[in-house]
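Residue strings, one per chain:
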Amino acid sequence: MKILARLLIIIGCIILVGCNNQNVDSLEPTPSQPNFSEETEEEIIDENKEAINVYLFWGNGCHICENLMNYFEELEKEYGNYYNLIKYEVWYNEENSNLMHEVGNKLNQTYFAVPFLVIGDEVIVGYNNSKDNYIKERIIEEYNNNEYVDVVEQIKSSLN
């Protein structure tokens, strides 16, 4: 009986460790998370407004980060006038890594991994193509937001 109990404990631990090591991209959205696969299109209202800043904290050698950058290259063709993509490499640059953590803390982010994308006051961690429409919609929404606040720029200014 003791052997069976120990075996069940070991199996339970293996399952828990496996669940905690899931890839962020494989997680299903919970009701509190946005559904990245919804397709709703929002019309761009004022094409004469200044572009918003979108921040990408990435790691050199991260293939998921590269995929997101490739998506932004495609997105730029049609929506490049509405945003500026500002990139910070964080794996080999401690100052950039610290900035990412400051931004995440300010935006109540509890999970830090790359890619770490900041659009307005929202953080999107991880990437797969199911997030494409959501990213585009957030850019359009913030572009049209008359109360858009550049959180990263605020934090950078306060650190100087």
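Caption draft 1: The arrangement of the pattern of salt bridges in detail. Inspection of the entire model under this criterion finds five salt bridges. Between Lys-77 and Glu-74 there is a salt bridge whose closest N-O contact spans 3.0 Å. Of the two residues, Lys-77 and Glu-74 both sit in helix α2 (residues 63-79), three residues apart, roughly one turn of that helix. With respect to class, Lys-77 is no different from Glu-74; both count as exposed. Across the pair Arg-138 and Glu-142 runs a salt bridge whose closest N-O atoms are separated by 2.9 Å. One end of the pair, Arg-138, and the other, Glu-142, are both in helix α4 (residues 132-144), four residues apart, so they sit about a helical turn from each other. A residue is classified by how much of its surface remains accessible, and Glu-142, at 6% relative accessible area, is buried.

Caption draft 2: Highlighting helix α3 (residues 94-106). The terminal C-alpha atoms of α3, which comprises 13 residues, lie 18 Å apart, in line with the 18 Å expected from a rise of 1.5 Å per residue. When we look at burial in α3, the residues that qualify are Asn-96, Ser-97, Leu-99, Met-100, Val-103 and Gly-104. Take α3 and look down its axis: the buried residues cluster within an arc of 160 degrees, on one side only. The exposed residues of α3 that point more than 90 degrees off its buried face are Glu-94, Glu-95 and Lys-106. In this structure, the buried residues of α3 make contact with β1 (52-58), β2 (83-89), β3 (116-119) and α5 (151-159). The backbone nitrogen of Glu-95 lies 3.1 Å from a side-chain oxygen of the residue at the head of α3, namely Asn-93. At the C-terminal side of α3, Asn-108 shows a positive phi close to 60 degrees.

Caption draft 3: A look at the nonpolar core. Phe-57, Phe-72, Leu-117, Val-118, Ile-135 and Ile-139 are the most contacted members of the largest nonpolar core, which totals 40 residues. It is α2 that contributes the most residues to this core, eight residues altogether. When residues no more than four places from it in sequence are discounted, the contact partners of Val-118 are Asn-53, Val-54, Tyr-55, Phe-57, Val-103, Leu-107, Val-123 and Val-152.

Caption draft 4: Quick look at the sheet that holds β2. In spatial order, the strands read β2-β1-β3-β4; together these four strands make up an open sheet with mixed pairing. Only two strands of the sheet have a single neighbouring strand rather than two, namely β2 and β4 (122-125). On average, each strand axis in the sheet is inclined to that of its neighbour by 20 degrees, with strand direction left out of account. Here β1 runs beside β2; their pairing, made up of seven bridges, is parallel. Across the sheet, Val-54 pairs through a bridge with Leu-85, a residue of β2. Most of the contacts of α2 go to β2, to which it runs at about 165 degrees, and overall it touches β1, β2 and β3. The strands touched by α4 are β1, β2, β3 and β4; relative to β3, the strand with the most contacts, the crossing angle is about 30 degrees.

Rules used in this analysis
- Residues numbered from 1 in each chain as written.
- Predicted model: local features only at pLDDT ≥ 70, side-chain atom pairs only at ≥ 80, totals over all residues.
- Heavy atoms only, no water.
- Salt bridge = Lys/Arg side-chain N within 4 Å of Asp/Glu carboxyl O.
- Helix = DSSP H or I, 4+ residues; strand = E, 2+ residues; numbered from the N terminus.
- Buried < 20%, exposed > 50% of the residue type's maximum accessible area, 1.4 Å probe, protein only.
- Expected span 1.5 Å × (residues − 1).
- Arc of directions from axis to C-beta.
- Contact = heavy atoms within 4.5 Å.
- Polar contact = N/O pair within 3.5 Å; in protein donor to acceptor, adjacent residues only side chain to side chain.
- Core = buried A, V, L, I, M, F, W, Y, C linked by side-chain atoms within 4.5 Å.
- Pairing = 2+ DSSP bridges.
- Axes fitted to C-alpha atoms, helices over the stretch in contact; angles between N-to-C directions.

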